[in-house]
Amino acid sequence: MQRLIALLLLTLPAAAQTGSDSAANIKAHMAFLASDDLKGREAGSPGYDKAADYVAAQMKALGLKPFGSSYFQPVPLVAARAKDKGQFSLREPSGKATTFEFGKDYVAGGDEAYPRIRITAPLVFVGYGLVAPEHKRDDYAGLDVKGKIVVALAGAPKFLQTEERAYYRTGSTKLKAAKDRGAVGFVSISTLTGEKLYPFANRARQFQNWGMSWRMKNGKPFSAVDLPLLTGISVAGAKKFLGARTDAILAAAETAQGAVKGFDLGLTMTAAMDSEVKTLESRNIVGWLPGSDPRLKGEYIVLSAHLDHIGITPPVKGDAINNGALDNAAGVATTLEVARLFQGKPPRRSLIFLVDTAEEKGLIGAEYFARNPPVPVSRIAADVDLDMPILTYDFTDVVAFGADRSSIGPAMARAAAKLNVKLSPDPMPDEGIFTRSDHYRFVEQGVPAVFLMTGYANGGEKAFAHFMKNNYHKPSDDLSQPINYSAGAKFAKLNYEVTRELADMDARPQWNKGDFFGVKFGRQ
Ligand SMILES: [Zn+2]
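Residues numbered from 1 in each chain as written. Predicted model: local features only at pLDDT ≥ 70, side-chain atom pairs only at ≥ 80, totals over all residues.

### Points about the overall build of the chain
Argument step 1. A count of helical and extended segments in the chain gives 16 helices and 20 strands.
Argument step 2. Here the C-alpha radius of gyration of the chain, 23 Å, is about what a compact globule of 524 residues would show, namely 24 Å.
Argument step 3. Counting only residues that meet the buried cut, the chain has 50% of its 524 residues in that class.
Argument step 4. For the chain, long-range pairs separated by at least 24 residues make up 85% of all intrachain contacts whose partners lie at least 6 apart in sequence. (Helix = DSSP H or I, 4+ residues; strand = E, 2+ residues; numbered from the N terminus. Rg over C-alpha atoms; globule rule 2.2 N^0.38 Å. Buried ≥ 20, exposed ≤ 12 C-beta atoms within 10 Å, placed from the backbone. Contact = placed C-beta atoms within 7 Å.)

### Re the environment of Thr255
Argument step 1. With respect to the secondary-structure elements, Thr255 resides in the loop between α9 (246-254) and β12 (263-289).
Argument step 2. Each C-alpha atom of the pair Thr255 and Pro228 lies 29 Å from the other, and the pair is 27 residues apart in sequence.

### Overview of the nonpolar core
Argument step 1. Formed by 150 residues in total, the largest nonpolar core has its most connected members in Leu33, Val55, Val150, Leu351, Phe353 and Val450.
Argument step 2. Residue-level mapping places this core at the junction of two domains, with at least three residues from each of domain 1 (2-65 + 290-521) and domain 2 (80-277).
Argument step 3. Every residue in contact with Phe353, bar those within four places of it in the chain, is listed here: Met59, Leu64, Gly287, Trp288, Leu303, Thr335 and Ala339. (Core = buried A, V, L, I, M, F, W, Y, C linked by C-beta atoms within 7 Å. Domains from an automatic or database assignment.)

### Quick notes on the packing of helix α2 (residues 22-33) against helix α15 (residues 485-504)
Argument step 1. Packing of α2 against α15 brings their axes to within 8 Å, and their N-to-C directions diverge by 105 degrees. Relative to α15, the element α2 is oriented roughly perpendicular. Each of Ser22, Ala23, Ile26 and Lys27 in α2 lies in contact with α15, whose residues at this interface are Tyr485, Ser486, Gly488, Ala489 and Ala492.
Argument step 2. Here the residues of the contact of α2 with α15 are counted per class, giving five nonpolar, three polar and one charged. (Axes fitted to C-alpha atoms, helices over the stretch in contact; angles between N-to-C directions. Parallel < 35°, antiparallel > 145°, perpendicular 65-115°, else oblique. Nonpolar A, V, L, I, M, F, W, Y, C, P; charged D, E, K, R; others polar.)

### Describing the packing of helix α8 (residues 235-242) against α9
Argument step 1. Contact pair α8 / α9: the axes reach a minimum separation of 9 Å and the direction vectors enclose 120 degrees. Taken together, the axes of α8 and α9 are oblique relative to one another. When the axes of α8 and α9 are compared, the crossing they make is right-handed. Between α8 and α9, the contacting residues are Val235, Ala238, Lys239 and Leu242 on the first element and Thr246, Ile249 and Leu250 on the second. (Left-handed = near helix turned anticlockwise from the far one by under 90°.)

### Some points on the domain arrangement of the chain
Argument step 1. You can read the domains of the chain as domain 1 (2-65 + 290-521) and domain 2 (80-277).
Argument step 2. Relative to domain 2, the C-alpha centre of domain 1 lies at a distance of 32 Å.
Argument step 3. Considering each element in turn, the side of domain 1 that touches domain 2 owes the most residues, three residues, to helix α11 (residues 364-371).
Argument step 4. Partitioned by chemical class, the residues of the side of domain 1 that touches domain 2 number 10 nonpolar, four polar and five charged.

### What to know about the pairing of strand β14 (residues 312-316)
For a regular strand, side chains alternate in direction, first toward one face of the sheet and then toward the other.
Argument step 1. Judged by how many residues are buried, β14 sits mostly at the surface: zero of five residues are covered.
Argument step 2. Note: β14 against strand β15 (residues 319-321), two bridges, orientation antiparallel. Along β15, the bridge assignment pairs Ile312 with Ile321.
Argument step 3. Between β14 and β15, which pair antiparallel one after the other, the connecting turn spans two residues, and Lys317 there sits at a positive phi close to 50 degrees. (Pairing = 2+ DSSP bridges.)

### Concerning α15
Argument step 1. The first and last C-alpha atoms of α15 sit 28 Å apart over 20 residues, in line with the 28 Å expected at 1.5 Å per residue.
Argument step 2. Burial of α15 is extensive: 16 of the 20 residues sit out of reach of the surface. (Expected span 1.5 Å × (residues − 1).)

What follows is the structure, given as structure tokens:
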């Protein structure tokens, strides 16, 4: 209630007045959301809260309704970061000990579920640690990991379909396989592909960034799997575990099958790690548009976009504010514009606009929403996610992650055809995009989803490479980039068209028969 009163008194900057020009509206939203004043919008920070107030005021102005008395869904958070660099050592049966050098051999992070770790246990190497019965693949076959620490290569083999590969490379999938077999800890070793994409030095520089999860009713942090991730090991540090076999193992990991046989390492690891833990309060912003069809309006299509970014970090070229202009002020701005395009012409199903927190901390705000939705989750028919559209060129194609797994696929094709935009396959399968944004939290609850990425055609490949190398999660992801706001308008229109298709279809979106994610998570 108090929050709503504050909101009503909130005066908006002149830039926030929007009209019928999509490009100008998106530019105005981004100018506010990516300004230095908001200090990078980190979840739980005052800058994030300012951005949240802005979004709620926009939702009100657009005529969206709150669930209950407020546009805000409180999200209780718990944050952790490493207190120090921790201590890790290996011991051979002879008693000979090996130590590690921080930043060169290993990095460690905070862990809100395990703020004080003291563990000594034998080590077993399990290759990628992939367990995929549909491919008759079990990297744990013949290995006993009970009471031991599992050492696994990061990522998943390249033969897997890109979105399924993304599933198999997530921490929760990999840790669960180890936990189910009785492991007591997990160590992850970088692959050559992984380190090329994300240099180990960057991870070392950011090791004290805050990680987060949401607090359950009992006050404890939610975690999908109860197993501590002890440390990440670099390609250089791998030798200390794998010895003379290291080069052959790393080379085999790069092949399509990535069939690296596991073995008992004959080593014992001792790890000591302490985290600083604090609780924080943040908010998702949620507004909805009632559907026009009396029969279908009890079903909801969610549009999601994360509002948070990574806040203040050690400066790069004297700039410490990570403005997150494309990641994801652009996605929020286009989501608000989609809401405006629906003004006065509601679709048959109802729409929920979810602008969420702590995506950068592990899709936390979306996870909280998907597990604590304001309507029964069975009534959520689909999610359309908007995250980090690269708007520095006039895109002519998009990659529709997840679309072809459900009847979203044909709807997506109709929407793209209307705008003369082509649909392309995933051009960056090593990135594992499908599990790296908010829509994945809906997929985990059985909800079909689609996430559009602007494609590689018409200068896209160059624009992407430039952004990922120079601006991604850096202070230079700001408004000085050559942003093409007309491309933003086109992106909003495309998301509008696919959302309208999904909200107007006679039958709600359904997983395709036998689909990998539909079988894993879908309501049968
Ligand atoms: Zn990001």
